[in-house]
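Chains, contacts and geometry: an overview
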Amino acid sequence: KQEVTQIPAALSVPEGENLVLNCSFTDSAIYNLQWFRQDPGKGLTSLLLIQSSQREQTSGRLNASLDKSSGRSTLYIAASQPGDSATYLCAVRPGHTGNQFYFGTGTSLTVIP
Amino acid sequence: DAGVIQSPRHEVTEMGQEVTLRCKPISGHDYLFWYRQTMMRGLELLIYFNNNVPIDDSGMPEDRFSAKMPNASFSTLKIQPSEPRDSAVYFCASSLLYSGQGSETQYFGPGTRLLVL
């Protein structure tokens, strides 16, 4: 079974700083990987989806990279803002069959004004 | 579209009572997922449906849990009898499959926060 790990579990940075969140997975045979954001008391919102054939995806200040062979993905947030404070989860879809994702436990990010 | 709709948003019940959680997926989506989120275990997939048919229920913790999808626009997750350890946030999500880049993402509802006393 795919295991997804996110380090660190919590991160606190001053506003304006660039930061990197890490995600690792045990089985490199993935179909895609997705980064989600979860605000307190809310559901998950998709940020970026990277197909297994891609190396990275960008959306605004966010950049997600994927290294399948080493089982790693990173989410880079540029010029962090207090509004970026949330929990960030990565999720791995293991294969073509079905559409299930295995989620990491998340990184709780606090951006201090 | 209103997104994935879940009800109730909060549920407080006593141990032994039956609990029914409801979900309306995004219209046109052919996959529906039920998740449970706790501090200890994170987000766990309980069961998912494709075209109203249960595909994988290996995440359902016990026989006390059951899920149905009688039609494409409605699903229920039932716990009977409920126990304090069932206290968690239960999310429903829906998605399309293989319909284009980026559209395989799962869209989550706001969740139902369940507390079993």
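Refer to the structure printed above.
Residues numbered from 1 in each chain as written. Chains lettered and ligands numbered in written order. Predicted model: local features only at pLDDT ≥ 70, side-chain atom pairs only at ≥ 80, totals over all residues. Heavy atoms only, no water.

Things to note about the nonpolar core
Most often, soluble globular proteins keep nonpolar side chains buried together rather than apart. We apply this condition: In these notes, a set of buried Ala, Val, Leu, Ile, Met, Phe, Trp, Tyr and Cys residues joined through side-chain atoms within 4.5 Å is what counts as a nonpolar core. Residue exposure (1.4 Å probe, protein chains only): buried if accessible area is under 20% of the type maximum, exposed if over 50%, otherwise partly exposed. Comment: elements are numbered from the N terminus, with helices defined as DSSP H or I runs of at least four residues and strands as E runs of at least two. Residue contacts follow a heavy-atom distance rule, with two residues in contact if any of their heavy atoms lie within 4.5 Å.
In terms of nonpolar packing, the biggest core is built from 22 residues, with Phe25(A), Leu33(A), Trp35(A), Leu75(A), Ile77(A), Tyr88(A) and Leu109(A) touching the most fellow members. Going through the elements one at a time, strand E3 (19-25), strand E4 (32-38), strand E5 (44-51), strand E7 (62-67), strand E8 (72-77), strand E9 (86-93) and strand E11 (107-112) of chain A are the ones with two or more residues in this core. Those residues within four positions of Leu75(A) in sequence are excluded, and the remaining contacts are Leu19(A), Val20(A), Leu21(A), Trp35(A), Leu47(A), Leu48(A), Leu62(A), Asn63(A), Ala64(A) and Tyr88(A). Val19(B), Ile47(B), Met69(B) and Leu114(B) belong to the second-largest nonpolar core, a separate cluster that totals 21 residues.

Details of the state of the cysteines
All names here are of chain A. Where we set the bar: What counts as a disulfide here is a pair of cysteine sulfur atoms lying within 2.5 Å.
Counted under the stated rule, the structure contains two disulfides over all chains. One disulfide bridge connects Cys-23 with Cys-90, the sulfur atoms lying 1.9 Å from each other. An S-S torsion of about 70° defines the bridge between Cys-23 and Cys-90 as right-handed. Of this pair, Cys-23 sits in strand E3 while Cys-90 is found in strand E9, placing the two residues 67 residues apart along the sequence. Judged by relative accessible area, Cys-90 falls into the buried class, the value being 0%.

Digging into the side chain of Asp56(B)
By the element assignment, Asp56(B) lies in strand E6 (residues 53-56). Excluding residues that lie within four positions of it along the chain, Asp56(B) makes contacts with Gln100(A), Leu46(B), Ile47(B) and Tyr48(B).

Examining the environment of Gly59(B)
All names here are of chain B. One can find Gly-59 in the loop between E6 and strand E7 (65-71). Here the alpha-carbon distance between Gly-59 and Ile-47, two residues 12 residues apart in the chain, equals 6.0 Å. Leave out the neighbours within four places in its chain, and Gly-59 touches Leu-45 and Leu-46.

With respect to the packing of aromatic side chains
This is how it is decided: Within 6.5 Å between ring centres, the rings of Phe, Tyr and Trp (the latter by its six-membered ring) count as paired, and their orientation is classed by plane angle as stacked under 30 degrees, edge-to-face over 60, tilted in between.
Within this structure, the stated rule accounts for 10 aromatic pairs over all chains. For the ring pair Phe36(A) and Phe108(B), a centre distance of 5.7 Å and an interplane angle of 80° mean the geometry is edge-to-face. Of this pair, Phe36(A) sits in strand E4 while Phe108(B) is found in strand E10 (residues 107-108), placing the two residues in two different chains.

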